[in-house]
Amino acid sequence: MQFIEISIDVSWLTFFAVHLNSFWSSIVDCLFIVVSFHGWEPQQFNAIVALEKILITFTGAKEIEQMKKQVVNFLMMFFFIGTAVAPMMTASAGTISFATPQSSVADTNLYQFMPFPMGAAVGIARMKNNAKYSEVVSKEFNSITAENAMKFRSLHPAENTFNWADADYLVEFAQKNGKRLHGHTLNWYQYLPAWVTNFSGDSIAWENMLKTHIQTVVAHFKGKVASWDVVNEYFNDDGTIRPSVWVKNLGPDYIARCFQYAHEADPDAILFYNDYGHEYSSAKRTAIGKLINAFKARNIPIHGIGMQFHMTYTQSDANINAAMAFAAGTGLKVHLSELDIRLNTNKVQGFVFNETLAAQQADRYKFVVQAYNAAVPKAQQFGITTWNVGDADSWVPSWQGVPDYPLPFDANYLRKPAYKAIIEGGK
Ligand code: XIL
């Protein structure tokens, strides 16, 4: 359970050495430090560094020699506390959690541990207004997906109006921070503006509208967005085609034309079919498999399969493995595109997160990552994306109508046991 990550700079050591004068004061200081590492804000760190500079100014060469010795003593004490005292404190002090250290400490990045790209879906308002959120996104992930900003209603709110501002904000963020940006989604039966759902044109006008939307969007992001979910959720869970305004007005084969239009607009883009339920519906898997085979036979450009994986913590190993084996068998790139693992399966109002649930959730995260990594050949591993970052950002509570805690970070962006489990699963 213990998961302590320590980042310490020399100025810190020097500062604490200055006032480590006796054995007892060093014990007190070390305890103080261990607690500080997990709870301090950046301003407090800065204040300590400033104080340290003043002390060094008033300290002579002799004292510096003395300080060096004390640094060694201090380090020994620090590691003693890290390995022996901290776990005891975890057990006794409920509010200090060493299992989920503070993510603002400059230490590790999730994606650097992973053998494939690791992404998160992000909301634009949070990216702009919540510094902690954007910090965690840029630190922990190397791929991002717009949670909503590239959907039809966001980009194309009126027939002759395209609104690029939010999505372009993300493009700029991705470029500045060296992140891959995955496009989601060119066509879906949901998140449509009223002008589309109320559209009264004939099939030629519908076709024109579909094509214009796809090609304007793909062209706008060409060279900035390298991959797209072209069509989202075309099938029902039983494998039949979902009724939608698109199927109704254009017929079921409109899906093939979506891929062709996207490919024409950006021949380099990696094009995905994205859906949910692979882990529980073999009928849906079969339908998706048939679609992919038909596309291949007709030379319709499709390069990837997105499996959303909005799953429950009760999902079985066998079902998860079946989804991975199926996706690997398509020979296409495989993206676990919207991973979250919900806990409140009985839909209890007032449901609270606890350590047992944390461990069960971590176990599933680990299993999913392991199963993906084992079943999907390297060349097909597009990566794993969680559907947002912290529990308070998740769409699951509003979707399910009850509290839930489905993501690897908690509401304060502290790493939950699931975080470490993802890393373990990628080993
Ligand atoms: C969800 C978003 O998370 C919500 O904020 C929005 O209100 C509705 O859409 N499958 C998908 C995603 O492909 O686009 C959905 O995202 C979640 C289900």
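Small disclaimer: the values here were computed from a predicted structure and weren't measured. Numbering of residues begins from 1 in every chain and follows the order in which that chain's sequence is written. In view of the model being predicted, local features appear only for residues whose pLDDT reaches at least 70, and side-chain atom pairs are presented and counted only at 80 or more, with totals across whole chains, interfaces and linings using the full set of residues. Water and hydrogen atoms were dropped before computing side-chain values, which therefore reflect all heavy atoms in the structure.

Draft legend 1. Main features of the overall build of the protein chain. A tally of regular secondary structure across the protein chain gives 18 helices and nine strands. Counting every position in the protein chain, which comprises 427 residues, the buried fraction comes to 52%. Long-range contacts, defined as pairs at least 24 residues apart, comprise 79% of the intrachain contacts of the protein chain with a sequence gap of at least 6. Computed with the Shrake-Rupley method and a 1.4 Å probe, the accessible areas treat only the protein chains shown as cover for residues. Split by element, the accessible area of the protein chain, about 18,500 Å² in all, is 57% carbon and sulfur. Counting from the N terminus, the helices are the DSSP runs of H or I reaching at least four residues and the strands are the DSSP runs of E reaching at least two. Only protein chains enter the accessibility calculation, which uses a 1.4 Å probe. A residue is then buried if its area is under 20% of the maximum for its type, exposed if over 50%, and partly exposed in between. For this analysis, residues touch if any pair of their heavy atoms sits within 4.5 Å.

Draft legend 2. Layout of the site of the ligand. Among the 13 residues in the neighbourhood of the ligand, the closest are listed as Glu147, Lys151, His184, Asn232 and Glu338. Whenever a nitrogen or oxygen atom comes within 3.5 Å of another N or O atom, the pair is scored as a polar contact, on the condition that within protein one atom can donate a hydrogen and the other can accept it, and that pairs from neighbouring residues in sequence are kept only if both atoms are in side chains. Taking Glu233, its side chain carries an N or O atom lying 3.2 Å from a nitrogen atom of the ligand. A distance of 2.7 Å separates an oxygen atom of the ligand from a polar side-chain atom of Glu338. Within the complex, the protein chains bury 81% of what would otherwise be the 410 Å² of accessible surface of the ligand. When residues are sorted by character, Ala, Val, Leu, Ile, Met, Phe, Trp, Tyr, Cys and Pro go into the nonpolar class, Asp, Glu, Lys and Arg into the charged class, and all the rest, Gly among them, into the polar class. Of the residues assigned to the shell around the ligand, the class counts are four nonpolar, five polar and four charged. Residues are classed as near a molecule or strand on a simple rule: at least one heavy atom within 4 Å of it.

Draft legend 3. Spatial organisation of the pattern of salt bridges. Each reported salt bridge corresponds to a side-chain nitrogen of Lys or Arg within 4 Å of a carboxyl oxygen of Asp or Glu. Tallied over the full model, the rule gives 12 salt bridges. Put simply, Asp393 and Arg126 hold a salt bridge, and the shortest N to O gap is 2.6 Å. Residue Asp393 is located in the loop between β9 (381-386) and α17 (396-400), and its partner Arg126 is located in helix α6 (residues 124-129); the two are separated by 267 residues in the primary sequence. On the accessibility criterion, Arg126 (33% relative accessible area) is partly exposed. With its nearest N and O atoms 3.3 Å apart, the salt bridge here joins Glu172 to Lys176. Within this pair, Glu172 and its partner Lys176 are both found in helix α9 (residues 165-177), separated by four residues, close to a single helical turn.

Draft legend 4. Looking closely at the pairing of strand β4 (residues 227-232). Where burial is concerned, most of β4 is hidden: six out of the six residues are buried. Two elements, strand β3 (residues 180-187) and β4, share four bridges in a ladder whose sense is parallel. Paired with His184 across the two strands is Asp229, which belongs to β4. One bridge is not enough; two strands pair if DSSP finds at least two bridges between them. Pairing of β4 with strand β5 (residues 270-275) involves five bridges; the strand directions are parallel. Across the sheet, residue Ser227 finds its bridge partner in β5, namely Ile270.

Draft legend 5. Expanded view of the packing of aromatic side chains. Here is the rule: rings of Phe, Tyr and Trp (six-membered ring for Trp) pair when centre to centre is within 6.5 Å. Planes less than 30 degrees apart are stacked, more than 60 are edge-to-face, and the remainder are tilted. Counted under the stated rule, the structure contains 22 aromatic pairs. Relative to Trp246, the ring of Phe152 has its centre 6.1 Å away and its plane inclined at 25 degrees; by these criteria the two rings are stacked. Of this pair, Phe152 sits in helix α8 (residues 152-155) while Trp246 is found in helix α12 (residues 245-250), placing the two residues 94 residues apart along the sequence. Here Trp188 and Tyr189 contribute two aromatic rings whose centre-to-centre distance is 6.2 Å and whose plane-to-plane angle is 80 degrees, an arrangement assigned as edge-to-face. Judged by relative accessible area, which is 27%, Tyr189 ranks as partly exposed. Three or more aromatic residues link up through ring pairs in this structure, and these residues are Phe152, Trp195, Phe199, Trp206, Tyr234, Phe235, Trp246, Tyr254 and Tyr273. When the ring centre of Tyr276 is taken as origin, the NZ or CZ atom of Lys284, which lies over that ring, is 3.5 Å away. Only when the NZ of Lys or the CZ of Arg is both within 6 Å of the ring centre and within 35 degrees of the ring normal is a charge said to sit over the ring. For Lys416, the ring lying beneath its charged end belongs to Phe353, and the centroid distance is 4.5 Å.

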